[in-house]
Amino acid sequence: MDAMARIQVRRSWVIAAAALVPLALCAVLSGFRDTVSSATAALVLVLVVVGAAATGDRVAGLVAALSSGVWFDFFLTEPYNSFTIADPDDIEMTVLLVLIGAGVTEIALWGRRQQQRASQRAGYLDGVLRAAETIALHEESPQKLAEHVARQIADVLAVSDCRFVPGRAHETRYAVMDRDGGVTRSGRAVNVERDGLPTNEETVLLVRRGSEVLGHFVVTSATDVVRPTIEQRRVAVLLADQMGAVLGRV
């Protein structure tokens, strides 16, 4: 079974559990109606929703929220074992349970996204530090260092290829990644977030020593449309600047 199939199977199990765990929990709590209040039962169900949302699957979190509301109504509101609710307070409790569950799901997913972004930032910083350390040691030839930095740029931008070309001139038809991370082509800005890096031509990062151009990295993203963030692009520019510092000492 390949990785994608395993992911789909795991997701199916997570969604199934998100639907069935509230059912089982409400069935158990129905045996303690005299000792467990509706508010306590609702809080326990919210914990189940949090657990489903913590998997990072929005569908699982929403399914858990809806399942919790449905089975809370069936088992824990009068008339019992019916999807009819007689008490307005129970109606309010059920609606709030579903809404809170949906809200908790979105908050949990937002937290996971923030964590992933922080992890990406740490990865970019590690790449820059490794490149800086290699350059500072200067134990390799400029050609080897250029190859190393090119790999780092390709990894940061998630592109298929990057190579270093010495010299001032570059193809004028190429798109250019500026010092601020913006990309221009024929004097016009490219909306990388929307359209991605150009796939019908290459993108260059100029390697400078001050205002003097010493070479350029040629970035190729022909196989897939990639949309590196402004942060990724600025890291790539910083890596190119480090190469410029090396060439300036040669």
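Quick note: structure is the one above.
Presented here is a report on the structure given in the accompanying data block. (Residues numbered from 1 in each chain as written. Predicted model: local features only at pLDDT ≥ 70, side-chain atom pairs only at ≥ 80, totals over all residues. Heavy atoms only, no water.)

Relative to the assigned elements, Arg233 resides in helix H7 (residues 230-247). In this structure Arg233 comes out as buried when scored by relative accessible area, which is 3%. With sequence-adjacent residues up to four places away left out, Arg233 is seen in contact with Leu157, Met177, Gly181, Gly182, Val183, Val192, Glu193 and Pro228. (Helix = DSSP H or I, 4+ residues; strand = E, 2+ residues; numbered from the N terminus. Buried < 20%, exposed > 50% of the residue type's maximum accessible area, 1.4 Å probe, protein only. Contact = heavy atoms within 4.5 Å.)

What follows deals with the packing of helix H2 (residues 38-53) against helix H3 (residues 58-76). Geometry of a packed helix pair, given as the angle between the helix axes and the separation of the axes. The geometry of H2 relative to H3 is characterised by a closest axis approach of 8 Å and an angle of 160° between their N-to-C directions. With respect to their mutual orientation, H2 and H3 come out roughly antiparallel. The way H2 lies across H3 gives a crossing that is right-handed. Together, Ser38, Ala41, Ala42, Leu45, Val49, Ala52 and Ala53 of H2 and Ala60, Gly61, Ala64, Ala65, Ser68, Phe72 and Leu76 of H3 make up the contact between the two elements. Class assignment of the residues belonging to the contact of H2 with H3 gives a composition of 11 nonpolar, 3 polar and no charged. (Axes fitted to C-alpha atoms, helices over the stretch in contact; angles between N-to-C directions. Parallel < 35°, antiparallel > 145°, perpendicular 65-115°, else oblique. Left-handed = near helix turned anticlockwise from the far one by under 90°. Nonpolar A, V, L, I, M, F, W, Y, C, P; charged D, E, K, R; others polar.)

Turning our eyes to something else, we now look at the sheet that holds strand E3 (residues 183-185). With respect to topology, 6 strands assemble into an open sheet ordered E1-E6-E5-E2-E3-E4, the strand pairing being mixed. Edge strands, defined here as strands with exactly one partner in the open sheet, are strand E1 (161-166) and strand E4 (188-190). Neighbour-to-neighbour, the strand axes of the sheet open up by a mean angle of 35°, direction not taken into account. In the packing of helix H5 (residues 142-157) onto the sheet, the strands contacted are E1, strand E2 (175-177) and strand E6 (212-220), and the crossing angle to E6 comes to about 50°. Packing of H7 onto the sheet brings it into contact with E1, E2, E3, strand E5 (203-209) and E6, and relative to E5 it is tilted by some 40°. (Pairing = 2+ DSSP bridges.)

A cluster of acidic side chains, namely Glu78, Asp87, Asp89 and Glu92, defines a negative patch on the protein surface. With respect to the helices and strands, Asp87 occurs in the loop between H3 and helix H4 (88-137). Asp87 gets classed as partly exposed once you look at its relative accessible area, which sits at 32%. (Patch = residues over 30% accessible without salt bridge, like charges linked within 9 Å, V, L, I, M, F, W, Y side chains within 5 Å. Areas by Shrake-Rupley, 256 points an atom, 1.4 Å probe, with all protein chains shown as cover. Salt bridge = Lys/Arg side-chain N within 4 Å of Asp/Glu carboxyl O. Lys, Arg positive; Asp, Glu negative; His and termini not counted. Charge placed at Lys NZ, Arg CZ, Asp CG, Glu CD.)

For the rest of this paragraph, the subject is a nonpolar patch on the surface. Taken together, the side chains of Ile91, Val95, Leu96, Leu99 and Ile100 make up a nonpolar region of the molecular surface, amounting to roughly 420 Å² of accessible area. Checked against the element boundaries, Ile91 lands in helix H4. Take Ile91: its relative accessible area is 39%, and that puts it in the partly exposed class.

Time to look at the packing of H5 against H7. Where H5 contacts H7, the two axes come as close as 9 Å, and the packing angle between them is 175°. As judged from the angle between their axes, H5 and H7 are roughly antiparallel. Seen from H5, the contacting residues are Pro142, Leu145, Ala146, Val149, Gln152, Ile153, Val156 and Leu157; seen from H7, they are Gln232, Arg233, Val235, Ala236, Leu239, Ala240, Met243, Val246 and Leu247. In the contact of H5 with H7, the residues fall into 14 nonpolar, 2 polar and 1 charged.

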